[in-house]
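# Overview (structure and organization)
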Amino acid sequence: MNTKIETDIIIIGAGPVGLFAVFEAGLLKMRCHLIDALPQPGGQLTEIYPKKPIYDIPGYPSVLAGDLVQNLMQQIAPFSPGFTLGERAESVEKQDDGRWLVTTSRGTQHLAPVIFIAGGLGSFEPRKPPIDNIEHFEDHGVEYFVRTPDIYKNRRVVIAGGGDSALDWTIYLADLAEKITLIHRRTEFRGAPDSVEKVMELAESGKIKLITNAQVVGLQGNGELHGVTIQHDTEGEFQVDADHFVPLFGLTPKLGPIGEWGLAIDKGAVEVNTSDYSTSVPGIYAIGDINTYPGKLKLILCGFHEATLACQSAFKVAFPDKKLSFKYTTVTGIEAL
Amino acid sequence: MNTIQVNIIDREGARHELEAPTDMNMSVMELCKSYELPVEGTCGGMALCASCHVYVLSDQELPEPTDDEIAMLDAAFFVKPNSRLGCQLKLKNEMDGLTLELAPV
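Because the structure is predicted, anything quoted here is derived from the model rather than measured.

Our focus in this paragraph is the overall build of chain B. The number of helices and strands found in chain B is two helices and five strands. Computed over the C-alpha atoms, the radius of gyration of chain B is 12 Å, within 12% of the 13 Å expected from 2.2 N^0.38 for a compact globule of 105 residues. Reported as C-alpha extents along the three principal axes, the dimensions of chain B are approximately 35 × 30 × 25 Å. A total of 105 residues make up chain B; the buried ones form 33% of that total. Taking the contacts inside chain B whose residues are at least 6 apart along the sequence as the reference set, 61% of them involve residues at least 24 apart.

Further remarks concern the overall build of chain A. Looking only at helices and strands, one finds seven helices and 23 strands in chain A. The dimensions of chain A, computed from C-alpha atoms along their principal axes, are 75 × 45 × 40 Å. The burial tally for chain A puts 40% of its 337 residues in the buried class. Taking the contacts inside chain A whose residues are at least 6 apart along the sequence as the reference set, 62% of them involve residues at least 24 apart.

Further remarks concern the domain arrangement of chain A. Taken domain by domain, chain A comprises domain 1 (5-125 + 252-332) and domain 2 (128-249). When each unit is reduced to the centre of its C-alpha atoms, the spacing between domain 1 of chain A and domain 2 of chain A is 38 Å.

Right, let's get into the environment of A:Leu64. Residues and elements named next belong to chain A. Note that Leu64 resides in strand E5 (residues 63-64). Sequence spacing of Leu64 and Tyr49 is 15 residues, and the spatial spacing of their C-alpha atoms is 8.7 Å. Apart from the residues lying within four places of it in its own chain, the contact partners of Leu64 are Pro50, Lys51, Lys52 and Pro53.

So, about the pairing of strand E17 (residues 236-241) of chain A. All names here are of chain A. The element E17 is largely exposed, with a buried count of zero among its six residues. Bridge count for strand E16 (residues 224-232) against E17 is six bridges, and the pairing is antiparallel. Residue Thr229 lies in a different strand from E17, and its bridge partner there is Gln239. Where E16 folds back onto E17 in an antiparallel hairpin, the turn is made up of three residues.

In this structure, A:Lys209 sits in strand E14 (residues 209-212). Accessibility expressed as a C-beta count within 10 Å gives 14 for A:Lys209, which makes it partly exposed.

The rules behind each value
- Residues numbered from 1 in each chain as written.
- Chains lettered and ligands numbered in written order.
- Predicted model: local features only at pLDDT ≥ 70, side-chain atom pairs only at ≥ 80, totals over all residues.
- Helix = DSSP H or I, 4+ residues; strand = E, 2+ residues; numbered from the N terminus.
- Rg over C-alpha atoms; globule rule 2.2 N^0.38 Å.
- Buried ≥ 20, exposed ≤ 12 C-beta atoms within 10 Å, placed from the backbone.
- Contact = placed C-beta atoms within 7 Å.
- Domains from an automatic or database assignment.
- Pairing = 2+ DSSP bridges.

Encoded structure:
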């Protein structure tokens, strides 16, 4: 039997705005639990631009995205937030007692009277090559991540991509698989120089087959993958036998299941009321890049403001009988939860 | 002169002649969004999503792509030799008459 995680606010998305919401909720003595599809907090700041400086955080002339996340984690530590990381929030159901049940991709269940959607650009999903029948072969020979390398043992594997993950897995699987073919659209690789050199050595010694200036344009098989069609810039199309095709083209954000939760959506963003950033469903709020309203700016600093106002409104939902009094941290300090 | 003309062929093949300011540090991606053309610009212009992928159809001299732009185009699809990311093309007077086609998404 699953035990459910119970809290005051379930925050979907552990980016900067979701993290700061924990602070503002904490000032009002509300506990928070964050869910994020990525394995670490910080959202896109950690995942895609940790080393980029941000210049418009009030009070910081310049701060690296990764450092801002670290600072936020430190700032919210007194309020002991919970985390469910590496799991995507899949479904939201209203319970008989009025609370919300949020279930993740791994079946973890969370209960709270209030949900904050702080999902940013959505959840990061693998970039899928535009091959007509590719979805037909997912989990039947096509994998977008290498999760269990052992499944490639003594198999014929085609890897596509030009970045570090394509290079690293080619090197790793060279010894394990029966045959590895690496396909890249250009001649140059942009991965780490050591990895590039190693892949070139493997290709020269015949341990792997390297095909550059080419891309995979078709997949064949009957239920299970048997081969791929490769289009070469100068040599035209040809087939390569394969049991597995592993396209590694990085991650791209998708709105994902949030779009199916019955909320009013406009052009991929959740519509909110700007007095408290509530959505069309009472008890569910949307803050940060995921929401939209007239005049919306996708800025971290605007998300912080949205989180602050949403917390005031959420308090009335979570504790309808309690009085809410607004206090300055300079007067009351921080009381840990 | 601080406006130029930029021509955008959308994904349905329709041609849009846009008046583009060159004194606002604006990119092709931002220009397309301001005219409500179907360019998402999801990452905000950091060369991280390729949702502003365009093909260059005219022969104005353009700045060379940075490593970031090349890396992103490596992971994008429908890439051709004349592919660029609109977010990395800042509008300049020399680009007057630039003609671009939106790449498929």
